[in-house]
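Given next are the chains, with one letter for each unit.
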Amino acid sequence: MEVSLSGPLREAADGVASVEIEASTIRELITRMLDRYPKLEAHMQEGIAVAIDGTIYRDSWETPIPEHSEVYLLPRIAGG
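Residues numbered from 1 in each chain as written. Predicted model: local features only at pLDDT ≥ 70, side-chain atom pairs only at ≥ 80, totals over all residues. Heavy atoms only, no water.

Focus on the overall build of the chain
In plain terms, the rule: Strands here mean DSSP runs of E at least two residues long; helices mean DSSP runs of H or I at least four residues long; both are numbered from the N terminus. A radius of gyration in this sense is built from C-alpha atoms; the matching globule rule multiplies 2.2 Å by the number of residues raised to 0.38. Accessibility here uses a 1.4 Å probe with only protein chains present; expressed as a share of the type maximum, an area under 20% marks a residue as buried, one over 50% as exposed, and anything in between as partly exposed. Contact between two residues is taken to exist if any of their heavy atoms lie within 4.5 Å; hydrogens are not considered. Note on areas: Shrake-Rupley, 1.4 Å probe, and residue coverage restricted to the protein chains presented here. Charged residues are defined narrowly, with Lys and Arg counted positive, Asp and Glu counted negative, and His plus the chain ends left uncounted. Every charge is mapped to an atom, namely NZ of Lys, CZ of Arg, CG of Asp or CD of Glu.
For the chain, the count of helices and strands is three helices and five strands. Secondary structure elements of the chain, listed N to C terminal, follow the sequence β-α-β-α-α-β-β-β. Here the chain has a C-alpha radius of gyration of 11 Å; the compact-globule value for 80 residues is 12 Å, and the two agree. Summarising its shape, the C-alpha atoms of the chain cover approximately 30 × 25 × 20 Å along the three principal directions. Looking at the chain as a whole, 38% of its 80 residues are labelled buried. Counted over contacts in the chain with a minimum sequence separation of 6, partners at least 24 positions apart contribute 47%. Here the chain displays about 4900 Å² of accessible surface, and carbon together with sulfur accounts for 48% of that area. For the chain, the centre of its 7 positive side-chain charges and the centre of its 14 negative side-chain charges are spaced 4 Å apart.

So, the sheet that holds strand β3 (residues 48–52)
What counts here: Each pair of strands is called paired provided DSSP finds at least two bridges between the two strands. Angles shown run from 0 to 180 degrees and are taken between the N-to-C directions of axes, each axis being a line fitted to C-alpha atoms and, for helices, limited to the stretch in contact.
The strand order across the open sheet formed by five strands is β2-β1-β5-β3-β4, and the pairing between neighbours is mixed. The open sheet terminates on both sides in strands that have one partner only, identified here as β2 (18–20) and β4 (55–57). With direction set aside, neighbouring strand axes in the sheet form an average angle of 25 degrees.

Quick look at the nonpolar core
Defined as follows: Working definition of a nonpolar core: buried Ala, Val, Leu, Ile, Met, Phe, Trp, Tyr and Cys residues. They are joined through side-chain atoms within 4.5 Å.
The biggest cluster of nonpolar side chains holds 22 residues, and the ones touching the most others in it are Val3, Leu29, Met33, Val50 and Leu73. Looking at this core, the elements that each hand over two or more residues are β1 (2–5), α1 (7–12), α2 (26–36), β3 and β5 (71–75). At four residues, α2 tops the list of elements feeding residues into this core. If near-sequence neighbours (up to four positions away) are discounted, Leu29 is found in contact with Val3, Ile21, Ala23, Val50, Ile65, Val71 and Leu73.

Structure, rendered in structure tokens:
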């Protein structure tokens, strides 16, 4: 699947806008992204969100990622 990266996550992934990666759940996606781009760890500590086909997931590690989904990694935005 193609995973698009937003803002500072892109910088932490050596400047790439998107990456091809195989993963069946959000947990697997995050694990593989960290293996490939260790600089993402700091952003993971702050928290990230995963958008799958327009739905945003936070801390939903076991959520399956359907084949051919549109997937984005987004930095968490603090707000009130």
